[in-house]
Amino acid sequence: MFVVFEGIDASGKETQAKLLEKALKKKGYKVVYIDFPDYKNPIGKMIRKFLDKKVELDVETRALLYAADRRYRYKDIKKALDEGKIVICDRYCYSNIAYQGSLGAKPSWLASLDATLIFPDVVFLMDIPAKESLKRRTRKDRYASKKAFLEKVREAYLNMANGTIQPFRAYGDYAEWIVLDGRRPIDEIHERIMREIELRLPRGGEE
Ligand code: ADP
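Source: prediction; values computed, not measured. (Residues numbered from 1 in each chain as written. Predicted model: local features only at pLDDT ≥ 70, side-chain atom pairs only at ≥ 80, totals over all residues. Heavy atoms only, no water.)

Examining the pairing of strand 1 (residues 2-7)
For clarity, the threshold we go by: Buried means the residue's accessible area, taken with a 1.4 Å probe over protein chains only, is under 20% of the maximum for its type, while exposed means over 50%, and partly exposed covers the values in between. The helix count covers DSSP runs of H or I at least four residues long, the strand count covers runs of E at least two residues long, and both are numbered beginning at the N terminus. Whether two strands pair comes down to DSSP finding at least two bridges between them.
Burial of strand 1 is extensive: six of the six residues sit out of reach of the surface. Side chains Phe2, Val4 and Glu6 of strand 1 all project onto a buried face; the interleaved residues Val3, Phe5 and Gly7 project onto the opposite face, where all are buried too. Sheet topology note: the strand 1/strand 3 (residues 86-90) ladder contains four bridges and is parallel. Note on strand 3: the bridge partner recorded for Val3 is Ile88. Alignment of strand 1 against strand 4 (residues 122-127), held across five bridges, turns out to be parallel. Each bridged residue has a counterpart across the sheet, and for Val3 the counterpart in strand 4 is Val122.

Here's what the structure looks like:
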């Protein structure tokens, strides 16, 4: 099973992805957790340089790097899924559509960059208003304090969740989207996620 967490900055992706990882491991499942961008790989390192404002890259170049960063981990995701493990990703190809798409990159072109990926079974969209994101945010990045932009990104995510836009369908993406109100208490959101996951886990996976 392949689970992805998406949402705007500080929406609670990492919080929920880590709680899910912990809970599933406790139940005896084997879990592989990947945080995108993966700043440890050579491509992710270039992305970090951009975020740290050490290098100037236009939107399309960034989109290519984000996609390459995901493709770099393709083999790990494939192997884990082949071995029957649960893969949890904090951000995935949908981030490119939401962010780089909102910055003007062409959505169909963006989607083509991730055409060779394995698509998830479930995407949890942590939905919060931009105002809440700005209030919570602790890490500084290029998008800091741009409320209108974050609202645009949020809107793009909601459009993917309700099927108005299906950028990766042509490439075999049939992921199910579940929208969660990220303003609810952390434990409450976690419990809902566990219920949704347990409904979808293959029987007999637990040992
Ligand atoms: P993301 O990975 O989406 O950037 P994080 O999980 O890092 O978000 O959370 C960002 C901040 O918001 C953290 O300080 C975290 O403790 C806080 N947070 C996460 N979930 C909630 C929630 N449901 N209610 C209030 N604060 C939250």
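Some remarks on the sheet that holds strand 4
Stated precisely, the cut-off is as follows: Axis geometry follows a simple rule: fit a line to the C-alpha atoms, using only the stretch in contact for helices, then measure angles between N-to-C directions, giving values from 0 to 180 degrees.
Strand order in the open sheet formed by five strands is 2-3-1-4-5, with parallel pairing between adjacent strands. Single-partner strands in this sheet number two, and they are strand 2 (31-35) and strand 5 (176-181). Looking at each pair of strands side by side, their axes are set apart by 20 degrees on average, direction ignored. Sheet topology note: the strand 2/strand 3 ladder contains five bridges and is parallel. Residue pairing across strands places Ile34 opposite Cys89, the latter belonging to strand 3.

Focus: the nonpolar core
Counted only if it meets this: Take the buried Ala, Val, Leu, Ile, Met, Phe, Trp, Tyr and Cys residues and link them wherever side-chain atoms come within 4.5 Å; each set so joined is a nonpolar core. When checking whether two residues touch, look at their non-hydrogen atoms; a contact exists if any pair is within 4.5 Å.
Ranked by internal contacts, the top residues of the largest apolar core, which has 36 residues, are Ile77, Cys89, Tyr92, Tyr94, Tyr157 and Trp177. Of all the secondary structure elements, the ones that give two or more residues to this core are strand 1, helix 3 (59-72), helix 4 (74-82), strand 3, helix 5 (93-102), helix 6 (107-113), strand 4 and helix 8 (147-161). No other element matches the seven residues that helix 8 contributes to this core. Each residue touching Tyr157, except ones within four places of it in the same chain, is listed here: Glu6, Gly7, Ile8, Arg91, Tyr94, Ser95, Ala98, Tyr99, Leu125 and Trp177. Core analysis: the second largest hydrophobic core is formed by 22 residues, Val3, Leu24, Ile86 and Ile189 among them.

Focus: the packing of helix 5 against helix 8
Note the threshold: Here the word oblique covers every angle except those under 35 degrees (roughly parallel), over 145 (roughly antiparallel) and from 65 to 115 (roughly perpendicular). Crossing handedness follows the turn of the near helix against the far one: under a right angle anticlockwise gives a left-handed crossing, and clockwise gives a right-handed one. Classification convention: Asp, Glu, Lys, Arg as charged; Ala, Val, Leu, Ile, Met, Phe, Trp, Tyr, Cys, Pro as nonpolar; all other residues, Gly among them, as polar.
Where helix 5 contacts helix 8, the axes come no closer than 9 Å and their chain directions differ by 140 degrees. The angle between the axes of helix 5 and helix 8 places the two elements in the oblique class. The two elements helix 5 and helix 8 cross, and the hand of that crossing is right-handed. Residues Tyr94, Ser95, Ile97, Ala98, Tyr99 and Ser102 of helix 5 pack against Phe149, Lys152, Val153, Ala156, Tyr157 and Met160 of helix 8. When the residues that make up the contact of helix 5 with helix 8 are grouped by side-chain class, the tally is nine nonpolar, two polar and one charged.

Considerations on unusual backbone geometry
Following Phe36, the chain continues into Pro37 via a peptide bond in cis, with omega recorded as -5 degrees. Looking at the element boundaries, Pro37 is found in the loop between strand 2 and helix 2 (42-51). Look at Ala10: it is not a glycine, yet its phi comes out positive at around 65 degrees. Phi is positive for Lys53, which is not a glycine, with a value near 60 degrees. Position of Lys53 among the secondary structure elements: in the loop between helix 2 and helix 3. Under the relative-accessibility criterion, Lys53 is labelled exposed at 57%.

A few points about the packing of helix 1 (residues 13-26) against helix 9 (residues 186-200)
Geometrically, a packed helix pair is captured by the angle between its two axes and the distance between the axes. The interhelical angle for the contact between helix 1 and helix 9, taken along N-to-C directions, is 55 degrees, at an axis separation of 10 Å. The angle between helix 1 and helix 9 falls in the class oblique. Here the hand of the crossing between helix 1 and helix 9 comes out right-handed. Residue-level inspection shows Thr15, Gln16, Leu19, Leu20, Ala23 and Leu24 of helix 1 in contact with helix 9, the latter providing Ile186, Ile189, His190, Ile193, Met194 and Ile197.

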